[in-house]
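# What the coordinates show
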Amino acid sequence: MSRLPVRLLTLPAVLATTLTVALAGAPAGADDASSGAAADQRSAVAADPVPDGEDDSLPHGRPRSPALEAAARAAVPNTRFEMPFPCGQEWTGTTRASHSPSPLSVDWNRPDDYGARVVAAASGVVTTAYSSVTGGYGKWVVIDHGGGETSLYAHLSAVAVKVGERVDQGQLIGQVGSTGNSTGPHLHFEERLNGSDMSPYFHGVKYTFGTTLASQNCVDVPMAGDMLGSTVTELVVFRRAPTAKFLIRRAHKPAKVIEYGTATDDPVLGDWDGNGRENIGVRNAATRTFSLLAGGKEQTIVFGSTKDKPVAGDWDGDGTWEVGVRRAAKAAFRLRDADGNVTVIPLGKPGDLPITGDWDGDGRTDLGVYDQATSTFTLRLVDSDSLVWTAQVPFGKPGDLPVVGDWDGNGKSDLGVWDPLTAVFSQRQAPSSTAAARQVTDIRFGRHR
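Small disclaimer: the values here were computed from a predicted structure and weren't measured.

Turning our attention to the overall build of the protein. On a plain count of helices and strands, the protein comes out with two helices and 34 strands. Of the accessible surface of the protein, which amounts to about 18600 Å², a share of 53% is contributed by carbon and sulfur atoms.

It is worth spelling out the sheet that holds strand E30 (residues 388–394) at this point. As summarised here, the arrangement of the four strands in space is E27-E28-E29-E30, forming an open sheet in which the pairing is antiparallel. Across the chains shown, the open sheet's two edge strands, defined by having one partner strand only, are strand E27 (353–357) and E30. On average, each strand axis in the sheet is tilted by 25° relative to the strand beside it, whichever way the strands run. Examined bridge by bridge, strand E28 (residues 366–371) and strand E29 (residues 376–382) share five bridges and lie antiparallel to one another. Within the sheet, the bridge partner assigned to aspartate 371 lies in E29 and is threonine 376.

In this section: the packing of aromatic side chains. Summed over the entire model, instances satisfying the criterion amount to 13 aromatic pairs. Plain terms: the ring middles of phenylalanine 189 and phenylalanine 202 are 5.9 Å apart, the flat faces sit at 40° to each other, and that makes the pair tilted. Note that phenylalanine 189 is positioned in strand E10 (residues 187–193) and phenylalanine 202 in strand E12 (residues 201–202), a separation of 13 residues in sequence.

A word on the sheet that holds strand E31 (residues 401–405). Two strands in a sheet stick together by hydrogen bonds in their backbones, pointing the same way (parallel) or opposite ways (antiparallel). Taken together, the four strands give an open sheet; going across it, the order is E31-E32-E33-E34, and neighbouring strands pair in antiparallel fashion. The open sheet has two free edges, formed respectively by E31 and strand E34 (439–444), since each of these has just one partner strand. Within this sheet the neighbouring strands show an average axis-to-axis angle of 25°, counted without direction. Relative to strand E32 (residues 414–419), E31 runs antiparallel, the two sharing five bridges.

With 30 residues, the main nonpolar core has Trp108, Val141, Tyr153 and Leu187 as its most contacted residues. Among all residues touching leucine 187, those that are not within four sequence positions of it are Pro84, Phe85, Val106, Asp107, Trp108, Val118, Tyr153, Ala154, Leu156 and Val176. Of all hydrophobic cores here, the second largest spans 15 residues; its members include Val237, Leu401, Val403 and Ile443.

Here the second largest cavity defines a volume of roughly 60 Å³. Lining the second largest cavity we find Ala160, Glu165, Gln171, Leu172, Thr264, Asp266, Ala285, Thr306, Lys307, Asp308 and Lys309. Per-class residue counts for the lining of the second largest cavity are three nonpolar, three polar and five charged.

This brings us to the pairing of strand E24 (residues 322–327). Among the six residues that make up E24, five are buried, leaving the element largely enclosed by the rest of the structure. Hairpin connection from E24 to strand E25 (residues 332–336): four residues lie between these consecutive antiparallel strands, with alanine 331 at a positive phi of about 50°.

The subject of this paragraph is the pairing of strand E15 (residues 220–225). In terms of residue burial, E15 counts as a mostly covered element, since six of its six residues are buried. Direction of pairing for E15 relative to strand E16 (residues 234–239): antiparallel, over a ladder of six bridges. Looking across to E16, one finds that proline 222 is bridged to valine 237.

Inspection of the secondary structure puts glutamine 216 in the loop between strand E14 (212–214) and E15. Measuring from C-alpha to C-alpha, the distance between glutamine 216 and histidine 203 comes to 7.0 Å, with 13 residues separating the pair along the chain. Filtering out sequence-adjacent residues up to four positions away, glutamine 216 remains in contact with Glu82 and His203. Within the structure, glutamine 216 has its side chain in polar contact with the side chain of histidine 203 (distance 3.1 Å).

So, about the state of the cysteines. All chains considered together, the criterion is met by one disulfide. At a sulfur-sulfur separation of 2.1 Å, the disulfide partner of cysteine 87 is cysteine 218. Handedness of the cysteine 87-cysteine 218 disulfide follows from its S-S torsion of about 85°: it is right-handed. One end of the pair, cysteine 87, is in the loop between helix H2 (66–74) and strand E2 (90–94); the other, cysteine 218, is in the loop between E14 and E15, and 131 residues separate them in sequence. With relative accessibility at 11%, the residue cysteine 87 sits in the buried group.

Rules used in this analysis
Residues numbered from 1 in each chain as written. Predicted model: local features only at pLDDT ≥ 70, side-chain atom pairs only at ≥ 80, totals over all residues. Heavy atoms only, no water. Helix = DSSP H or I, 4+ residues; strand = E, 2+ residues; numbered from the N terminus. Areas by Shrake-Rupley, 256 points an atom, 1.4 Å probe, with all protein chains shown as cover. Pairing = 2+ DSSP bridges. Axes fitted to C-alpha atoms, helices over the stretch in contact; angles between N-to-C directions. Phe/Tyr/Trp six-rings, centres within 6.5 Å; stacked < 30°, edge-to-face > 60°. Core = buried A, V, L, I, M, F, W, Y, C linked by side-chain atoms within 4.5 Å. Buried < 20%, exposed > 50% of the residue type's maximum accessible area, 1.4 Å probe, protein only. Contact = heavy atoms within 4.5 Å. 1 Å grid on protein atoms, 1.4 Å probe; cavity = no way out; pocket = protein on both sides within 12 Å on 5 of 7 lines; lining within 4 Å. Points joined across faces, edges and corners; volume = space filled by probe spheres on them. Nonpolar A, V, L, I, M, F, W, Y, C, P; charged D, E, K, R; others polar. Polar contact = N/O pair within 3.5 Å; in protein donor to acceptor, adjacent residues only side chain to side chain. Disulfide = S-S within 2.5 Å.

Written out as structure tokens, the structure is:
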């Protein structure tokens with residue numbers, strides 16, 4: 001039985017410019033956002049100074065700088081934060097004068113919110129990921145967005161990321177809970193500058209406490225695959241929405257759209273039935289389940305851990321693709337074959353983003369990683385003598401997201417990147433993946449952030 005209905009839609013053609021763990025059944029309880037006597041009682045519990053072990057931004061016991069706090073209060077974030085919830089969900093945020101660590105912290109609530117999914121408000125690197133209750137914040141996550149700006153997510157019931165992992169905006173990072181210094185389910189959220197709370201902004205607008213907002217955390221995720229059976233790879237974006245969409249770019253035609261998955265699923269493409277065309281798929285991190293759609297039929301595979309990121313490829317060259325994951329904490333790929341056997345291959349650093357492609361054109365999928373900070377690809381190849389070697393190829397600019405495809409139809413995968421700020425794919429065409437680029441083609445497709 002299909003997990004979600006699949007519908008084919010059409011959109012207006014996109015102009016292309018060519019330049020060269022689900023938790024449930026939690027007990028009902030009051031939350032930090034309520035009013036009245038219950039709120040007074042919770043304020044008495046939560047109004048203490050930040051407990052030791054709760055704040056990772058300053059050495060324990062060192063007081064916060066009044067100057068830094070004043071600068072943070074007056075700052076407008078450079079990071080374009082979105083609400084820390086999936087696209088379209090409505091949540092109400094509150095605070096109080098005694099709110100710890102400051103009245104600029106937001107307590108988010110909605111009905112039946114225990115176990116609701118929490119996503120990254122912006123892309124960045126995980127610097128804190130406590131999965132056990134260690135203090136007032138309980139289970140909590142901090143993401144570094146650069147320039148001294150961070151976001152904090154506290155009182156979680158489950159944590160879905162690891163320290164050192166690079167997360168994309170809209171990616172699942174945990175679930176709403178009531179751990180630590182909390183008397184009812186809610187998400188405690190902070191936007192910080194140099195460790196001190198800023199006034200929260202969402203979608204470029206300063207938040208008014210006490211109001212209910214619908215999340216606009218509805219980002220596109222860049223992808224590429226031979227979706228139409230041609231020799232040249234098509235550009236694809238996965239749009240995070242209540243019912244997610246794969247948009248497939250077609251030359252001189254409207255984009256082909258397939259609805260499948262949910263906003264917090266991670267997308268994956270692969271030739272699941274061996275017919276020469278790539279198909280769509282998603283992985284639910286909370287359940288560790290791949291759902292792969294081909295020829296109107298869906299297959300499911302449970303594989304990896306809740307914190308892994310999905311990959312896919314033809315690991316043995318038989319024409320049919322299999323799934324795999326990259327485990328950021330170990331900086332290693334775990335590749336599953338058709339019989340369920342697993343091969344572990346270390347590559348890169350924990351913060352690198354995984355990629356796959358056929359770098360040498362031998363019909364077997366190879367592995368790679370992309371360092372988003374230095375905009376450098378590291379490609380792993382196995383030669384005819386079974387010797388393993390790696391090559392580094394700089395391409396793109398810091399903050400770009402990696403994309404791989406056969407842009408020129410020569411049977412070898414080429415490198416590419418997608419700029420989230422402009423929604424422009426830059427395709428690097430060369431005789432081989434490691435050769436000097438002979439041409440770069442820029443194509444605008446998808447929705448910028």
